[in-house]
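Now for the letters of each chain:
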Amino acid sequence: MKSYRKYWLLIYTIINLNFFSYSKFSDSSQFSIFVEIVNFIPVVFYFVHLMLNEAKRKGYFSLPVSIFVASIISGAISAYIYYDQSLIQSMIASHIFYPFFTYLLLVQLEFKKGDLLLIIKMVFWATLVVFIIDFFTFPDTLFAWRNESREEREALGLFFYGQGFTILGALIYLENYLRTNKFRYLIPFIAAFVFIVFLTGSRTYFFALSISSLFIVVFSIKEISSFNRKIYTILSLCLLGFIGIYYLQDRFLNLFSLTQDQFSNYSGDIRLNCIIYYATEFQNSILTQLFGNGFPNPHSALGAKELFATYNGYFVSDIGIIGLWSYFGVLSVLAWGLIFIRVFNKKYIRQNIAIIAFFIYIFINSFLTYTLFDPGYIIAYIYALYLFAPEIYNKEGN
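These numbers were taken from a predicted model, which means no experiment stands behind them.

## Concerning the overall build of the protein chain
Within the protein chain, the secondary structure is distributed over 17 helices and two strands. Within the protein chain, the proportion of its 398 residues that are buried is 51%. When the accessible area of the protein chain is evaluated, it comes to approximately 19,300 Å², of which 66% is carbon and sulfur surface.

Rendered as structure tokens:
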């Protein structure tokens, strides 16, 4: 049975990602129910495993993950009290966060990290194929929950569930290239970088991916012992950078210009207005500010309230961790604070370079986008948490 675990986990992952937002399923209520049921499976398996086994294992991130699970429960209680949203409605609405139980289950099962890494790479390559398919089928894309032409950014806006794996896989391959100097590992990184920048048109994604990639480059070059190899690596990356800048400078300058214009008028920026709205007017009482309003079910008063906010231009997806706080309160922010503190522990950097770079990307996006509660990212960062190795680097043993 253990030999089949990785195949079951791969199937679960693809279903969790709604088959990469396959458009034929997007309007199917039956498929949505199917995905909700599948997302409940790790919850059921986790509690069944606890009942059948006396040994309770604890992972490095079990505490913050458990705190986040508690925040989902507290938010559901608030939704019941203030919006008459039943606990069943909250359970269904919150199903996108149940991969947090997947982390706890993987810990209990002692799932092989090598198998999980293989799954991540398989999903990564699948997302590159999806990007290519969407590019050639635009505007009638086969895989997307949102697609648009962003002419002002000279890019397309193609968004589908699974792009968290595009980022995670790209950073893993970049680290592999810098560690081995094998060019075949650099190609998938370059492809992913180009796709994310010019097929999503997201300035925040571009900035965050650039910073996280730079972190890997600087730290990896620092660790190279051979002087000749270090010089070769620096020169090859510089050459690649110059080529990229030469051919794509107009598009990069356009992105920077748009960003500068937006920050110069930040007082009227929608994100600032959203933060003010969700921190004040959207709240019912001090209790919802502490414990959250809950995750909205579209058929409840809470769902209607958020829908009204979106009609007025207030999108919770624009305000990052503030949006998560409005859903699940202080506990959710505490959970992520602990996750970031543990991930960025300098004692564990050397053996977790790509994972830490991925969470640098998540951290930057947590202020301006909704990667913390994007279904296309949740399962990816849960797997990244499980891959994290909390052991102090021993140079003699490595």
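There's more to say after this.
## Here's the deal with the packing of helix α1 (residues 5-16) against helix α3 (residues 29-52)
Axis separation between α1 and α3 bottoms out at 9 Å; the angle between their running directions is 135 degrees. Classified by the angle their axes make, α1 and α3 are oblique. Of the two elements, α1 crosses α3, and the hand of that crossing is left-handed. Taken together, the residues of α3 that come into contact with α1 (itself represented by Tyr12, Ile15 and Asn16) are Phe34, Val35, Val38, Asn39 and Pro42.

## What to know about the packing of aromatic side chains
Under the defined criterion, the tally for this structure stands at 56 aromatic pairs. Between the aromatic rings of Phe100 and Tyr381, the centroid separation amounts to 6.0 Å while the plane-to-plane angle is 65 degrees, which identifies the pairing as edge-to-face. With a gap of 281 residues between them, Phe100 in helix α6 (residues 99-109) and Tyr381 in helix α17 (residues 375-387) connect regions that are remote in the sequence. No difference in accessibility class separates Phe100 from Tyr381, as the two residues are buried. Aromatic side chains Phe358 and Phe359 sit 5.6 Å apart centroid to centroid with 75 degrees between the ring planes, which places their arrangement in the edge-to-face category. With a relative accessible area of 0%, Phe358 lands in the buried category. Under the relative-accessibility criterion, Phe359 is labelled buried at 0%. In this structure, Lys121 packs its charged tip against the face of Tyr173, placed 5.4 Å from the ring centre.

Each value, and the rule that gives it
- Residues numbered from 1 in each chain as written.
- Predicted model: local features only at pLDDT ≥ 70, side-chain atom pairs only at ≥ 80, totals over all residues.
- Heavy atoms only, no water.
- Helix = DSSP H or I, 4+ residues; strand = E, 2+ residues; numbered from the N terminus.
- Buried < 20%, exposed > 50% of the residue type's maximum accessible area, 1.4 Å probe, protein only.
- Areas by Shrake-Rupley, 256 points an atom, 1.4 Å probe, with all protein chains shown as cover.
- Axes fitted to C-alpha atoms, helices over the stretch in contact; angles between N-to-C directions.
- Parallel < 35°, antiparallel > 145°, perpendicular 65-115°, else oblique.
- Left-handed = near helix turned anticlockwise from the far one by under 90°.
- Contact = heavy atoms within 4.5 Å.
- Phe/Tyr/Trp six-rings, centres within 6.5 Å; stacked < 30°, edge-to-face > 60°.
- Lys NZ or Arg CZ within 6 Å of the ring centre and 35° of its normal.

On their own, these measurements won't tell you what the molecule is for.
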